[in-house]
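# Per-entry structural report
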Amino acid sequence: MSVRISPSILTSDFANLSAELSKISSADWAHIDVMDGHFVPNLTLGVPVVESIVAASPLPVDCHLMIDDPDRWAPQYVEVGARSVTFHAEAAHAPIRLAREIRSMGARAGLAVKPTSAIEPYLELLDEFDMLLIMTVEPGFGGQKFIEQMMPKVRRTREAVARSGLDVWIQVDGGISRTTIELAADSGADTFVAGSAVFNAQSASDEIAALRDVALQHSCGSSRSSLRAKNVTGQNVAE
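Residues numbered from 1 in each chain as written. Predicted model: local features only at pLDDT ≥ 70, side-chain atom pairs only at ≥ 80, totals over all residues. Heavy atoms only, no water.

## Concerning the overall build of the chain
Put simply, the rule reads: Strands here are runs of E lasting at least two residues and helices are runs of H or I lasting at least four, both read from the DSSP assignment and numbered beginning at the N terminus. Radius of gyration: C-alpha atoms only; globule rule: 2.2 Å multiplied by the number of residues to the exponent 0.38. Burial classes: relative accessible area under 20% of the type maximum marks a residue as buried, over 50% as exposed, and values in between as partly exposed (1.4 Å probe, protein chains only). Contacts are assigned to residue pairs that have any heavy atoms within 4.5 Å of one another. Per-residue accessibility takes into account occlusion by the displayed protein chains alone, with areas from the Shrake-Rupley method and a 1.4 Å probe.
Check the secondary structure of the chain and you find ten helices and eight strands. The C-alpha radius of gyration computed for the chain amounts to 17 Å, which stays within 12% of the reference 18 Å derived for 239 residues, consistent with globular compactness. Overall, the C-alpha framework of the chain stretches about 55 × 40 × 30 Å when taken along its three principal axes. Split into buried and exposed, the 239 residues of the chain put 54% on the buried side. For the chain, restricting intrachain contacts to residue pairs at least 6 apart in sequence, the fraction spanning at least 24 positions comes to 64%. On the chain, roughly 10100 Å² of surface is accessible, and the fraction owed to carbon and sulfur atoms is 48%.

Structure (structure tokens):
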């Protein structure tokens, strides 16, 4: 199973953002948290700033929209160059229609759920999304403590993806460190958002490498889930 590291620039030095982006060039994605002060209490970036980041980033940009009315705003982030746009199930009025619009514009469509939201209503709709984001903190602020109780939700999601045979990424976001990435990878996550762990490290590139190594070592957890799914269904499933 592939492992993807997506550093969140929320905890970077915004006064030196171009240099901060260069520090994470060994990662797979640059993760941008867009917050509107309504869906979550914090206020961060908007479309014009994201457009500038896309132009400066050595990595494809993954936008996580923690905003009200993503049905209206999400396509604009694709228009300015985001390669992946994730919106919250709790905020979207028509999530399937929005995911289809994002995909039709050439970007990956992700669906996020808060810790208190169930993932099950969306597991029958996996073919409509490229990624499911399971929040491992309450969205809105960086530097929060990882919620380990979300791991059963990750496992159930991995088992559903395995049964489907689809290439749907499972992302976790919040409190990701060398310790918690082990738990998340073992539970079946394959895409990891890490902010403080990367940008507060002495060497961002070394920390990215360390996180990747730990995740790869423990990604066998998803393989076990896939095998369990195969045994239940009697069918071959894709990793």
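## Concerning the packing of helix α7 (residues 178–187) against helix α9 (residues 204–218)
A pair of packed helices is captured by two measures, namely the crossing angle of their axes and the spacing between those axes. Which entries qualify depends on this criterion: In this description, a line fitted to the C-alpha atoms serves as the axis of each element, helices being fitted only across the stretch in contact, and the angle between N-to-C directions of two axes falls anywhere from 0 to 180 degrees. Crossings are sorted by hand: turned counterclockwise from the far helix by less than a right angle, the near helix makes the crossing left-handed, and turned clockwise it makes it right-handed. Gly counts as polar in this scheme, as do all residues outside two lists: the nonpolar Ala, Val, Leu, Ile, Met, Phe, Trp, Tyr, Cys and Pro, and the charged Asp, Glu, Lys and Arg.
Where α7 contacts α9, the axes come no closer than 8 Å and their chain directions differ by 35°. Crossing handedness for the pair α7 and α9: right-handed. Contacts between α7 and α9 pair R178, I181, E182, A185 and D186 from the former with E207, A210, L211, V214, A215 and H218 from the latter. Broken down by class, the residue content of the contact of α7 with α9 amounts to six nonpolar, one polar and four charged.

## What to know about the packing of aromatic side chains
Quick reminder of the rule: Ring geometry is summarised as follows: Phe, Tyr and Trp rings, the Trp one being its six-membered ring, pair when their centres sit within 6.5 Å, and such pairs are stacked at plane angles under 30 degrees, edge-to-face over 60 and tilted between the two. Note on criteria: charge over ring means Lys NZ or Arg CZ within 6 Å of the ring centre, with the direction from the centre no more than 35 degrees off the ring normal.
In this structure the tally under the stated criterion is one aromatic pair. Measuring from ring centre to ring centre gives 6.1 Å for W29 and W169, while their planes differ by 75°; the resulting arrangement is edge-to-face. Here W169 lies in strand β7 (residues 169–173) and W29 lies in the loop between α1 (17–23) and β2 (30–35), a separation of 140 residues in the sequence. Summarising the burial analysis for this pair, W29 and W169 share the class buried. Cation over ring: R4 sits above W169, and NZ or CZ is 3.7 Å from the ring centre.

## Some words on unusual backbone geometry
Most peptide bonds take the trans configuration, and most residues that are not glycine carry a negative phi. In this model, D69 sits at a positive phi of 55°, which is unusual for a non-glycine residue. Note that D69 resides in the loop between β3 (61–66) and α3 (70–79). Among the residues examined, D69 registers a relative accessible area of 28% and is labelled partly exposed.

## Section: the packing of helix α6 (residues 151–164) against α7
As a packed pair, α6 and α7 sit with axes 8 Å apart at the nearest point and diverge in direction by 35°. Where α6 abuts α7, its residues M151, V154, R155 and R158 lie against L183, A184 and S187. Its residues assigned to classes, the contact of α6 with α7 comprises four nonpolar, one polar and two charged.

## Remarks on α3
Where we set the bar: Working definition: the arc comes from the directions between the helix axis and the C-beta atoms, pointing outward to the latter.
Here α3 has its buried residues at P70, D71, A74, P75, Y77 and V78. Looking straight down α3, one finds its buried side chains confined to an arc of 155°; they lie on one side. When the buried face of α3 is taken as reference, the exposed residues oriented beyond 90 degrees from it are R72 and E79. Downstream of α3 by one or two residues, G81 has phi in the positive range, about 115°.

## Quick notes on the confidence of the model for the chain
Which entries qualify depends on this criterion: pLDDT runs from 0 to 100 and stands for how confident the predictor is about each residue.
Looking at the chain, the pLDDT average stands at 90 and 90% of residues meet or exceed 70. Confidence drops under a pLDDT of 50 for residues 222–239, and excluding neighbours within four residues, the segment shows 23 contacts in the predicted structure.

## Re the sheet that holds β3
Our working rule: Pairing between strands is defined by DSSP: at least two bridges between them are needed.
Taking strand neighbours across the sheet as the criterion, the eight strands line up as β1-β8-β7-β6-β5-β4-β3-β2 in an open arrangement whose pairing is parallel. The open sheet has two free edges, formed respectively by β1 (4–7) and β2, since each of these has just one partner strand. Geometrically, the sheet is characterised by an average inter-axis angle of 25° between neighbouring strands, direction not taken into account. For strand β6 (residues 131–135) and β7, the ladder comprises five bridges, and the chain directions are parallel. Following the sheet pairing, I134 is matched in β7 by V172.

## Re the side chain of E20
By secondary structure assignment, the location of E20 is in helix α1. Residues in contact with E20, not counting those within four places in the same chain, are S12, D13 and F199.

## Some details on the nonpolar core
Quick note on the threshold: In this text, buried Ala, Val, Leu, Ile, Met, Phe, Trp, Tyr and Cys residues form a nonpolar core when linked through side-chain atoms within 4.5 Å.
Core analysis: the biggest nonpolar cluster contains 65 residues, and I24, I32, C63, Y77, V85, I102 and F192 have the highest contact counts within it. The contact partners of I32, leaving out residues within four places of it in the chain, are I9, L45, V50, I53, V61, D62, C63 and H64. Counting five residues, the second-largest nonpolar core is a separate cluster that includes M35, F39, V40 and A91.

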